[in-house]
Amino acid sequence: QVQLVESGGGLVQTGGSLRLSCVASGGTDSLYYMAWFRQTPDHEREFVASITQIGGRTFYSNAVRGRFTISRENANNTVYLQIHSPKPEDTAIYYCAAALLESNFYMRQSMYRWWGQGTRVTVSS
């Protein structure tokens, strides 16, 4: 019954920035391993970034490393994705995902038990 709700999507230009938010509710008081994926009509859903429950260790895809930052506020059950160096190819629907435990398969969709509905990001030049 965990609910994930994304927000913060919209239109941004190259040189600008955008911060996506994902709020988790309805579950237990446990902290979740969180991730962001993205999808376009031309591509399969792909891993973007993830963050561990407590230590805050982060992982990024090669496509976004150095340009995106994932973070979390455990007190608010919220995870963020800061897109600080957007490119047009970042245009996609971004999905928040959550898992109970960390594993070596953090880049695989099958690891995650709960998913948000997505928020659209459009990057123009």
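What comes next is a walk through the structure. From a predicted model like this one, the values you see are computed outputs, not experimental measurements. Numbering of residues starts from 1 in every chain and runs along the sequence as written. Only residues with pLDDT of 70 or above have their local features reported here, since the model is predicted, and side-chain atom pairs are shown and tallied only from 80 upward, although totals for entire chains, interfaces and linings are computed over all residues. Processing note: side-chain calculations cover all non-hydrogen atoms of the structure and skip hydrogens and water entirely.

On to the overall build of the protein chain. Per the secondary structure count, the protein chain includes zero helices and 11 strands. Beginning at the N terminus, the succession of helices and strands in the protein chain can be written as β-β-β-β-β-β-β-β-β-β-β. C-alpha atoms define the radius of gyration in this analysis, and the globule rule sets the expected value at 2.2 Å times the number of residues to the power 0.38. On C-alpha atoms alone, the protein chain measures out to a radius of gyration of 13 Å, which is about the 14 Å that the 2.2 N^0.38 rule sets for 125 residues. Structurally, the protein chain occupies a C-alpha span of about 40 × 25 × 25 Å along its principal axes. In this text, helices come from DSSP runs of H or I with a minimum length of four residues, and strands from runs of E with a minimum of two, each type numbered from the N-terminal end.

Turning our eyes to something else, we now look at the pairing of strand 9 (residues 92-99). Every regular strand shows the same layout, with side chains that alternate between the two sheet faces. Across the eight residues of strand 9, seven count as buried, placing the element largely inside the fold. Two strands form a pair only when DSSP identifies at least two bridges running between them. Across seven bridges, strand 4 (residues 33-40) lies against strand 9 in antiparallel orientation. Considered in strand 9, the bridge of Arg38 is made with Tyr94. Note: strand 9 against strand 11 (residues 119-124), three bridges, orientation antiparallel. Accessible area is worked out with a 1.4 Å probe on protein chains only. A residue is then buried under 20% of its type maximum, exposed over 50%, and partly exposed in between.

This part covers the pairing of strand 4. Counting buried positions along strand 4 yields six of eight residues, so the element is predominantly enclosed. Note that strand 4 and strand 5 (residues 43-51) share six bridges and pair antiparallel. Pairing of Phe37 across the sheet is with Phe47, part of strand 5. Linking two consecutive strands that pair antiparallel, namely strand 4 and strand 5, is a turn of two residues.

A separate point is the packing of aromatic side chains. Between rings of Phe, Tyr and Trp, where Trp is taken as its six-membered ring, a pair exists when centres lie within 6.5 Å; planes separated by under 30 degrees are stacked, by over 60 edge-to-face, and by other angles tilted. For the structure on display, the rule yields nine aromatic pairs. Relative to Trp115, the ring of Phe37 lies with its centre 5.0 Å away and its plane at 55 degrees, an arrangement referred to as tilted. Taken together, the residues Phe37 in strand 4 and Trp115 in strand 10 (residues 114-115) connect sequence positions 78 residues apart. Clustering of aromatic rings is evident, with ring pairs tying together Tyr33, Phe37, Phe47, Phe59, Tyr106, Tyr112 and Trp115.

Turning to the environment of Arg19, a few remarks are in order. By the element assignment, Arg19 lies in strand 3 (residues 18-25). For the pair formed by Arg19 and Ser7, sequence separation is 12 residues and the distance between their alpha carbons is 8.7 Å. Contact definition: two residues touch when any of their heavy atoms are within 4.5 Å. With residues near it in sequence (within four places) discarded, Arg19 still touches Ser7, Gly8, Tyr80, Leu81 and Gln82.

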